[in-house]
Amino acid sequence: MGKFDIFNKFNSAVIVVNDKKEVVFRNNFFKRAFPDFKDLKKFSHKLDYNVYALEIDNVSVHSPIFQALEAKEDFFAHVIYQSVDNTYLHYDMTVSKKGKYSIIVFTDVTSKIDCENLLKKTNSMQKYINTLEVDNGNLSKIKQQAQSQAMKLLLLNNISNIIRSSIDTSKIINSALKELSELFAAFKAYYAVYSKEMNAYIINKSLNKKDVGGKITFDEKTEKNIEKGKVFLTPCMKEYAEAKPFKELVQRIILPVYYRDSRLGIIVLLTKQKTKLTDVLEILDGVSAQLGSAIIQAELYEKDARMVKELKNALKELRETQLQLINSEKMASLGQLVAGVAHEINTPLASIKSNNELASKLIKNKHFENDELLSEILEIDKEAIERINGIVVSLRKFVRLDEADLQDADINNELDLTLNLIRHETKNRIKVVKNYSELPPIKCYPNMLNQVFMNILVNAVHAIKDKGTITIDTEFSNDNLIVKIKDNGIGIKEPDKIFFAGYTTKGVGVGTGLGLAISQKIVEKHNGKIDVKTKLGAGSEFIINIPGK
């Protein structure tokens, strides 16, 4: 057992420091009370005097710990400690000198201090209660005034909430008139719109056209008060200049409604009840300002509503333009095909021309003994003519501009049709692998889907610089048509942009940047989606997914 272990039985925090200002012992209670203790210097920074002790010799040392260690005799002080959670605890710090050791005991008196403070507050409160008891005769009147004030504040708060939560001007004005009428027991309340041209007001109870009344004006003094923009109350015998006099004096309350420096109108309240605005004047001014903002906000909302309507019409026009773009893009694609089609036609035509020339020579020289050769020539001519006819038929099927309705189509046949039209782009250079699955008839717009296949396949061809492969997979799964078109070309640098109108990876004057954007719109028109997977140098794969029913 150590010589300081006895302090572990203490219910106060104990720390022992030697003459070298080194901590040689901390009891268990100290460790629990000050778990963030690192060293004596850091610990001392968190201690301060509750009331500074000036009886020591070295007053330049402000830390209670180091003042205690510097003191030659036993030391006592009330100190404050800042804990880890930034709360302040009060301790009685007692320091006993035992040879070369200073035994410092911290007794927690936080609860005691709190009780003393609470007692002071209790005494102060008791004095206040005594004062209230002395004024008990006026207490009932004060309570009534407080309740009345609370009711007024509640009604005004209701008005503010309605103003903030609504964008319907008629609802805002009607609600404000209702609440204000209850507040002041008004027998008449209305809103009047200010007319700058007439320098007068037009009664409009709720900003509804049906509520519009006659023109009203006020005397010069009232008009000047309105121009100040502050709520005011005046006793009067006439509601306004043109009105008939009342049989008795009434209270007239006017709330000017402004938005910044622009006068919008006024709210007029008439009551026979004696009223004071002193208690609620500031709040009424706030309500007046909120009404001005609400009315302007409602007007802006109406403008926004009109703008939304105009934008919807513009969107409708854009959609119509979009369909025109689809057809324009299709025509552009067909224009690109013309050169290839011409080439395809010219090849068999050249054969026919050559054979005809040879046949002419044979006939001319009367070499009829070559019947076998003539038969072969005629067979070649026949195949060439059939090939030309097949190209023309494929082209007519691809265009199909008259097919604007949904119809059943064999997607495998549609893909073959498109491949047939770009054969001049693929032959002798690109191998086309067709992994067709058995597909049911798909309800679609075939001519539009052909445009999608054409755009993707032509892009795939252009992505393959020399020789390569295009793989086409079709399948029908979970009532969905899935078409995958994959190439082993150069890949796409910015795949997240390829469906944006105007974006193209081709050179200036080569690509329009509309093909894939229009393709996406066509697929979306079929309630489907189109995605792309790509890797630079490894090719791209387009995946089209369209509901089959």
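Everything in this summary refers to the structure shown in the same document.

### With respect to the pairing of strand β2 (residues 23-26)
A regular strand places its side chains so that they alternate between the two faces of the sheet.
Here comes step 1: Examined bridge by bridge, strand β1 (residues 13-18) and β2 share three bridges and lie antiparallel to one another. Among the inter-strand pairings, I15 is bridged to a residue of β2, identified as R26.

### Re the pattern of salt bridges
Pairing of side chains with opposite charge becomes possible as their charged atoms draw close.
Here comes step 1: The final tally for this structure, using the stated rule, is 10 salt bridges.
Here comes step 2: The partner of E227 in a salt bridge is R263, with the nearest N and O atoms 3.8 Å apart. Taken together, the positions of E227 in helix α7 (residues 220-227) and R263 in strand β12 (residues 262-271) put the pair 36 residues apart, joining distant regions of the chain.
Here comes step 3: On the accessibility criterion, R263 (17% relative accessible area) is buried.
Here comes step 4: Between K434 and D416 there is a salt bridge; the shortest N-O distance is 3.0 Å.

### Topic: the nonpolar core
Here comes step 1: Core analysis: the biggest nonpolar cluster contains 39 residues, and I411, F453, I470, F542 and I544 have the highest contact counts within it.
Here comes step 2: The element contributing the most residues to this core is helix α12 (residues 446-463), with 10 residues.
Here comes step 3: The residues touching I544, leaving out its near neighbours within four places in the chain, are V452, F453, I456, L481, I482, V483, V523, K529 and I530.
Here comes step 4: Core analysis: the next-biggest nonpolar cluster, separate from the first, contains 24 residues, F34, F37, L47 and V79 among them.

### Side note on the sheet that holds β1
Here comes step 1: The six strands lie next to each other as β2-β1-β6-β5-β4-β3, forming an open sheet whose pairing is antiparallel. A strand with exactly one partner marks an edge of an open sheet, and here the two such strands are β2 and β3 (47-49). Between one strand axis and the next, the sheet turns through 30 degrees on average, direction left out of account.
Here comes step 2: Sheet analysis places strand β4 (residues 75-82) next to strand β5 (residues 88-98), joined by eight bridges and oriented antiparallel. Opposite Q82, over in β5, you have Y88 as the bridge partner.

### Remarks on the environment of N480
Here comes step 1: Checked against the element boundaries, N480 lands in strand β17 (residues 480-487).
Here comes step 2: The sequence separation of N480 and I544 amounts to 64 residues, and the corresponding C-alpha distance is 9.9 Å.

### Let's talk about the packing of aromatic side chains
Here comes step 1: Counted according to the given criterion, the structure contains 21 aromatic pairs.
Here comes step 2: Ring plane angle 90 degrees and centroid distance 5.9 Å describe the contact between F43 and F106, whose orientation is recorded as edge-to-face. A residue pair is termed long-range when its members are at least 10 positions apart, and F43 in helix α2 (residues 40-45) and F106 in strand β6 (residues 101-108) qualify at 63 residues. Here the two residues F43 and F106 agree in accessibility, since each one is buried.
Here comes step 3: Every member of this aromatic cluster is reached through a ring pair, and the members are F30, F34, F37, F43, Y81, Y91 and F106.

### Describing the sheet that holds strand β16 (residues 468-477)
Here comes step 1: Read across the sheet, five strands follow the order β14-β16-β17-β19-β18 without closing on themselves; strand pairing throughout is mixed. Two strands lie at the open edges of the sheet, namely β14 (430-435) and β18 (529-535), each paired on one side alone. Neighbour-to-neighbour, the strand axes of the sheet open up by a mean angle of 15 degrees, direction not taken into account.
Here comes step 2: Both β18 and strand β19 (residues 539-547) contribute to a ladder of seven bridges, which runs antiparallel. Bridge pairing links I530 to I544 in β19.
Here comes step 3: The sheet contacts of helix α10 (residues 411-421) involve β14, β16 and β17, and relative to β16 the element is tilted by about 160 degrees.
Here comes step 4: Those strands touched by α12 are β14, β16, β17, β18 and β19, and its axis lies near 20 degrees from that of β17.

### Concerning unusual backbone geometry
The phi torsion of most residues other than glycine is negative, and most of the peptide bonds are trans.
Here comes step 1: In this model, K21 sits at a positive phi of 60 degrees, which is unusual for a non-glycine residue.
Here comes step 2: Tracing the chain through its elements places K21 in the loop between β1 and β2.
Here comes step 3: Residues other than glycine seldom take positive phi values, yet N428 does so here, at roughly 65 degrees.
Here comes step 4: Here N428 shows up in the loop between α11 (423-426) and β14.
Here comes step 5: With relative accessibility at 73%, the residue N428 sits in the exposed group.

### Details of the pairing of strand β8 (residues 200-204)
Here comes step 1: Judged by how many residues are buried, β8 sits mostly within the fold: four of five residues are covered.
Here comes step 2: Strand direction decides the pairing type here: strand β7 (residues 186-195) and β8, joined by four bridges, are antiparallel. Bridge pairing in β8 places A192 opposite I203.
Here comes step 3: Between the end of β7 and the start of β8, which pair antiparallel, lie four residues, with N199 showing a positive phi angle near 50 degrees.

The rules behind each value
Residues numbered from 1 in each chain as written. Predicted model: local features only at pLDDT ≥ 70, side-chain atom pairs only at ≥ 80, totals over all residues. Heavy atoms only, no water. Pairing = 2+ DSSP bridges. Helix = DSSP H or I, 4+ residues; strand = E, 2+ residues; numbered from the N terminus. Salt bridge = Lys/Arg side-chain N within 4 Å of Asp/Glu carboxyl O. Buried < 20%, exposed > 50% of the residue type's maximum accessible area, 1.4 Å probe, protein only. Core = buried A, V, L, I, M, F, W, Y, C linked by side-chain atoms within 4.5 Å. Contact = heavy atoms within 4.5 Å. Axes fitted to C-alpha atoms, helices over the stretch in contact; angles between N-to-C directions. Phe/Tyr/Trp six-rings, centres within 6.5 Å; stacked < 30°, edge-to-face > 60°.

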